[in-house]
Amino acid sequence: MYGFLKWILCCFAIVYFTNSKGQTYIGTSVNIGNQLSFTPESEGIKKPFAISGNLFIRKKEKLNNEWVIQYSAGLGILGYSLKIQTIDTLMTSEVSRILDYSTFYGQLDFLLGKEFLVKKKKVLVGAGFGATYYMCSSSVGYGVGVIKDDVFTRVFSAEIDCSPNSFSGFAKITTQLELNSVIIVGLAYTYHFSPALTGSYEFYHTNTPSSGAISLYQREINFIFLVRISKME
């Protein structure tokens, strides 16, 4: 926990002091995606999208010919969703849905983009890269069972934990619309290269064996809202 907080403070310091001449924004984003992956796939597992969110501080500096660079540091929570359609010989119809929001992360990124005028509004199109540090509170275990003749029988179990490598690099593309001198809204897609979470699953009492590995890569669409907190240049 101490190492995680120290890393986040360093990220915020880098963002704030590296680009001292730029405009400063605080922002939030609602993130949709982050489907669990299963190897091998199983007909008993559904993988709905999950909604996550984060808060960040961003510095923006204008270069020549309408080019722009942005630095950001933020904190977020990573959520995922899991639906279990049991495929055992004891129970075949009940669906169990699991939601988890026990994974937190710190993030640092750099973006390069160019601004265009569209109907007198500034629109930025850009791309960049960054790094994310994950922190899990603990390993998470799940189980689904059935009670028959007063006897509980487990039909599914899974265990998910932080990946052994807590860091992951990512790439990002974005478009942003400057509504006025204070507010910016945007849309982005973030693609991480390493898993945030790993684990395993197993179905019991099935006609054929069904078990394997679980992984979660943070790959999501980001709906962004920014508010300028620095003075106009």
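In the block above lies the structure referred to throughout.
Residues numbered from 1 in each chain as written. Predicted model: local features only at pLDDT ≥ 70, side-chain atom pairs only at ≥ 80, totals over all residues. Heavy atoms only, no water.

*Asks:* Would you mind going over the overall build of the protein with me for this structure?
*Replies:* Counting secondary structure elements, the protein contains 1 helix and 14 strands. Considering only residue pairs separated by 6 or more positions, the protein has 70% of its internal contacts joining residues 24 or more positions apart. Summed over its atoms, the accessible surface of the protein is roughly 12200 Å², and 61% of this surface lies on carbon and sulfur atoms. (Helix = DSSP H or I, 4+ residues; strand = E, 2+ residues; numbered from the N terminus. Contact = heavy atoms within 4.5 Å. Areas by Shrake-Rupley, 256 points an atom, 1.4 Å probe, with all protein chains shown as cover.)

*Asks:* Is there a simple way to think about the pairing of strand S2 (residues 36-39) in this case?
*Replies:* One face of the sheet, then the other: side chains in a regular strand alternate in exactly this way. Here S2 shows a clear split, with Leu36 and Phe38 buried on one side and none of Ser37 and Thr39 buried on the other. Pairing of S2 with strand S13 (residues 210-216) involves 4 bridges; the strand directions are antiparallel. Bridged to Phe38 within S13 is Ile214. (Buried < 20%, exposed > 50% of the residue type's maximum accessible area, 1.4 Å probe, protein only. Pairing = 2+ DSSP bridges.)

*Asks:* Can you help me understand the environment of Leu111 in this one?
*Replies:* Note on placement: Leu111 falls in strand S6 (residues 95-118). Exposure remark for Leu111: the relative accessible area of 3% places this residue in the buried category. When the C-alpha positions of Leu111 and Ala127 are compared, they lie 5.5 Å apart, and in sequence the two are 16 residues distant. In this structure Leu111 touches Arg58, Val68, Ile69, Gln70, Ala127, Gly128, Lys172, Thr174 and Gln176, once residues within four positions along its chain are discounted.

*Asks:* What is the right way to look at the pattern of salt bridges in this model?
*Replies:* A side chain with one charge may pair with a side chain of the opposite charge, provided their charged atoms come close. Applying the stated rule across the entire model yields 3 salt bridges. Here Glu178 and Lys60 are joined by a salt bridge, their closest N and O atoms 3.6 Å apart. Of this pair, Glu178 sits in strand S10 (residues 167-178) while Lys60 sits in strand S4 (residues 50-62), and the two are 118 residues apart along the sequence. Residue Lys60 is classed as buried on the basis of its relative accessible area, which comes to 6%. Salt bridges sharing partners connect three or more residues here, namely Lys60, Glu115 and Glu178. (Salt bridge = Lys/Arg side-chain N within 4 Å of Asp/Glu carboxyl O.)

*Asks:* I would appreciate a short explanation of the packing of aromatic side chains in the present structure.
*Replies:* Each pair of aromatic rings is reported with the distance of its centres and the angle of its planes. What the rule picks out here adds up to 7 aromatic pairs. Summarising the aromatic geometry, the rings of Tyr201 and Phe203 are spaced 6.3 Å apart at their centres and angled 75° between planes, so their arrangement reads as edge-to-face. Across the pair, exposure class does not vary: Tyr201 and Phe203 are buried alike. One aromatic cluster is present, built from ring pairs that chain together Phe38, Tyr201 and Phe203. Over the ring of Tyr191 we find Arg219; its NZ or CZ atom is 4.0 Å from the centre of that ring. The positively charged end of Arg219 is found above the aromatic ring belonging to Tyr217, 4.3 Å away from the centroid. (Phe/Tyr/Trp six-rings, centres within 6.5 Å; stacked < 30°, edge-to-face > 60°. Lys NZ or Arg CZ within 6 Å of the ring centre and 35° of its normal.)

*Asks:* Would you explain the environment of Ser166 in this entry?
*Replies:* Mapped onto the elements, Ser166 comes out in the loop between strand S9 (151-162) and S10. C-alpha separation for the pair Ser166 and Ser194, spaced 28 residues apart in sequence, amounts to 9.2 Å.

*Asks:* Help me understand the environment of Tyr142 in this model?
*Replies:* Relative to the helices and strands, Tyr142 is located in strand S8 (residues 140-148). The sequence separation of Tyr142 and Ile98 amounts to 44 residues, and the corresponding C-alpha distance is 8.4 Å.

*Asks:* Even after reading the chapter, I still don't get the state of the cysteines, so can you show me in this structure?
*Replies:* Put plainly, a disulfide is one covalent bond tying together the sulfur atoms of two cysteines. Under the defined criterion, the tally for this structure stands at 1 disulfide. Across a sulfur-sulfur distance of 1.9 Å, Cys136 and Cys162 are joined as a disulfide pair. As the torsion about the S-S bond is roughly 85°, the Cys136-Cys162 disulfide counts as right-handed. Remark: Cys162 occurs in strand S9 and Cys136 occurs in strand S7 (residues 121-136); sequence separation between them is 26 residues. By relative accessible area, Cys136 is classed as buried at 18%. For Cys162, a relative accessible area of 18% gives the class buried. (Disulfide = S-S within 2.5 Å.)

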